[in-house]
Amino acid sequence: ELLANFGAGGDRLYDWLAIKDLHPAEDTGGWRSDSFWWWWRASRVINTFDASGAGLDFTIEEFPFFSLLLGDLHPHLMSIPFVLTGLAAAYCVLVSKGRWGTGWIASNTATAVALALIIGAAGFINAWDIAFLGALVLGAAALKTHRETRTGIIGAGVRAIPALALIVIAALVIYSPFYFGTFKSQVAWPPIGPAEFGTRPVHFLTVWGFLLVLSGPALTGIAWPALRQHWRMALAVVWGRQLEGPRPVMQPFWLAAAAVVVPYLIWAIAHLEFNDLARPADTVTRLVATLPLMAATVGLFTALVVRSRQGAPGEEQFLLLATLLAVYLLYGAELFYVHDLFGNRMNTVFKFYYQAWIILSAAGAYGLWWWWRAHPSLRGAGQWASRAAAVLACVLLLGCLYNPIAAAVSKTGSFRASPTLDGLRYVSESAPAERRAIEFLRHAARPGDRVVEAVGGSYTEF
C-alpha cells in the first residue's frame, strides 16, 4: 500500500502481485491513499484472476485489527475473548494434576463445569469455534494421557474421548435452548466440497509472513531436538547407509503423514470429478503449493508426541499443539470448503484464517520471548541466521504497522471527532429520531412487550 501510494514499481509488479484494486497511484506524494476505504482491500488479498481480470477465487481473510477498525460486531469478532479463554482452559487441562478421565471430572468439578460453559458458549457465539476448541481440548487431554500412561498417541486419544464427551454433552445441555431450538445450520449437502482454487504462495506469505517469522525460531528450536534423529534416518535411507544410534519411534510420523496424504488424495479425486475447471495438472501444482504446510504438519505432530513423552515443559507442548491445529486449518482451507450458502471457499478461508490468526498471534508472542532468550547463546552460523531473521522481522513489523496507523487515520477522518466511550453518540448525530426512539424504549417498554421492525435488505437502515 505504501509503495503503491508513492507510485513505486511498474504495472508488471502489481499485475503479478494481483491484489484487487492495488495499483501504483498516479498522483503520488501522500503517505496514505485518499481513495474511499482503501484499507478494505487488506481483507481481500487472496484471489485468483483469469485472463480478463475476473476473480475466480474471491475470499475474505479478515484479521482482528481490521474487524475492530470496521467495528462490525459479527460473531467472529465477538468470540475473540472467548476463544482466548478457551486456549487458556485447554492449557490448564494439559498441565493439570490428576489423570484425565471421569475421575478427573469428579475431582475437578469446577474446572469441568467451566470447560462445559466455555465450549458451549463458543458454539453459541460463533458456530465455527465449537469444533475448534473441542479439538484443542481433546488434543490437550490426549497429550496428558499419553504422557501419564505411556500409551501410544492413538490409544491415548481414544482414552481421552469419553471424559471430553461428557463435558461436551453438558455444554449442549447448558445451552440446549439454542442448540436444540433456535440454531439453524447454513451448511448444505454435501457438507464438504473440494476447493477449486488454492492460495497463491505470494498471497499466503503476504498474510502470514510476519507471524511465521516470529514463531518460526521458537518452533524450530523446540521441535528440532525431537526431529533430529528422524532427519538422520531419512538421510541414511537416501544415501543407503545404516543409521547409527537408536532408531526413532516412527508411529507419530506415519500417523501425521497419513493425516496429510489421505485428505490430499480425497481432494484430488473429488476435484477432478466435481469441479468444472479442474485439470489433472492441478493436482501437481496444488501439491507443490501445499507441500510446506504438509511438511509443517508432519514435523509439528511428530515433535509434539516425542517431546510430550520426553516430559517437555507444558508451555512448549501447548505451543506445538496450538500451532499444529492452526497449520492444519490453513492446510484444510487449501483443499476443502464448508458447503454453506456461498457455495465456495470464501467463508471457509475467512473463519479458519481468523482462528489461525488468534493462535499464531499468541504463538508469535511466545516465539519472540523464546527467540530473545535464546539468541545470546547461539554461535557461528546459528547466530548469523538469528540476526538475519531479526532484520527480516523488523522490516515486516514496520510494514505491518503501516496499515493500522494509516487505516485508523483514514477511517476516523484524521481523528477530527472528539473521542468518547459512548457507543451511541454517533446515533444522536446521524439519526436523532432513532436515538429518541431508543430512549423512549428504555423508559416505556415493559417485560413481555414486543418490538415490531420494518423488514428490508441487508446493509440498509431497516
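Of the regular secondary structure elements, the protein chain holds 18 helices and two strands. Its C-alpha radius of gyration of 25 Å places the protein chain within 12% of the 23 Å reference for a compact globule of 462 residues. Projected onto the principal axes, the alpha-carbon positions of the protein chain cover approximately 80 × 60 × 55 Å. Going through the 462 residues of the protein chain one by one, you find that 44% of them count as buried. At a minimum sequence separation of 6, the contacts of the protein chain that also span at least 24 residues come to 67%. In the structure as shown, the protein chain presents an accessible area of about 25600 Å², 67% of it carried by carbon and sulfur atoms. Counting 34 positive and 30 negative side-chain charges, the protein chain places the averaged centre of each group 14 Å from the other.

Scanning the entire structure with this criterion turns up 22 aromatic pairs. For the ring pair Trp-100 and Trp-104, a centre distance of 4.7 Å and an interplane angle of 40° mean the geometry is tilted. The exposure class of Trp-100 is buried, given its relative accessible area of 6%. Arranged with centres 5.0 Å apart and planes meeting at 90°, the rings of Phe-124 and Phe-178 form a pair that is edge-to-face. Of this pair, Phe-124 sits in helix α7 (residues 109-125) while Phe-178 sits in helix α10 (residues 176-182), and the two are 54 residues apart along the sequence. Among the residues examined, Phe-178 registers a relative accessible area of 15% and is labelled buried. Ring pairs connect the aromatic residues Phe-36, Trp-37, Trp-39, Trp-40, Phe-63, Phe-66, Trp-208, Tyr-353 and Trp-357, which therefore count as one cluster. Geometry around Phe-350 places Lys-351 over its ring, the cationic atom sitting 5.3 Å from the centre.

Time to look at the side chain of Arg-286. Its place among the elements puts Arg-286 in helix α13 (residues 282-309). Buried and without a salt bridge, Arg-286 has Glu-334 as its closest oppositely charged side chain, separated by 5.5 Å. Here the side chain of Arg-286 touches Glu-196 through a polar contact of 2.9 Å, landing on its backbone oxygen. What Arg-286 contacts, discounting residues up to four positions off in sequence, is Ala-195, Glu-196, Phe-197, Gly-198, Tyr-264, Trp-267, Glu-334 and Leu-335.

So, on to a nonpolar patch on the surface. On the surface, Leu-2, Phe-6, Trp-31, Leu-397, Leu-398, Leu-401 and Ile-405 cluster together to form a nonpolar patch covering roughly 670 Å² of accessible area. Relative to the elements of secondary structure, Leu-401 occurs in helix α16 (residues 381-411). With a relative accessible area of 41%, Leu-401 lands in the partly exposed category.

Further remarks concern the side chain of Lys-144. Along the chain, the position of Lys-144 falls in helix α8 (residues 128-149). When residues no more than four places from it in sequence are discounted, the contact partners of Lys-144 are Val-93, Leu-94, Ser-96, Lys-97, Gly-98, Arg-99, Trp-100 and Trp-104.

With that out of the way, let us pick up helix α5 (residues 80-95). Taking 1.5 Å per residue as the helical rise, α5 with its 16 residues ought to reach 22 Å, and the 23 Å between its terminal C-alpha atoms agrees with that figure. Three or more residues of α5 are buried, namely Ile-80, Val-83, Gly-86, Leu-87, Ala-89, Ala-90, Val-93 and Leu-94.

The rules behind the values
- Residues numbered from 1 in each chain as written.
- Predicted model: local features only at pLDDT ≥ 70, side-chain atom pairs only at ≥ 80, totals over all residues.
- Heavy atoms only, no water.
- Helix = DSSP H or I, 4+ residues; strand = E, 2+ residues; numbered from the N terminus.
- Rg over C-alpha atoms; globule rule 2.2 N^0.38 Å.
- Buried < 20%, exposed > 50% of the residue type's maximum accessible area, 1.4 Å probe, protein only.
- Contact = heavy atoms within 4.5 Å.
- Areas by Shrake-Rupley, 256 points an atom, 1.4 Å probe, with all protein chains shown as cover.
- Lys, Arg positive; Asp, Glu negative; His and termini not counted.
- Charge placed at Lys NZ, Arg CZ, Asp CG, Glu CD.
- Phe/Tyr/Trp six-rings, centres within 6.5 Å; stacked < 30°, edge-to-face > 60°.
- Lys NZ or Arg CZ within 6 Å of the ring centre and 35° of its normal.
- Salt bridge = Lys/Arg side-chain N within 4 Å of Asp/Glu carboxyl O.
- Polar contact = N/O pair within 3.5 Å; in protein donor to acceptor, adjacent residues only side chain to side chain.
- Patch = residues over 30% accessible without salt bridge, like charges linked within 9 Å, V, L, I, M, F, W, Y side chains within 5 Å.
- Expected span 1.5 Å × (residues − 1).

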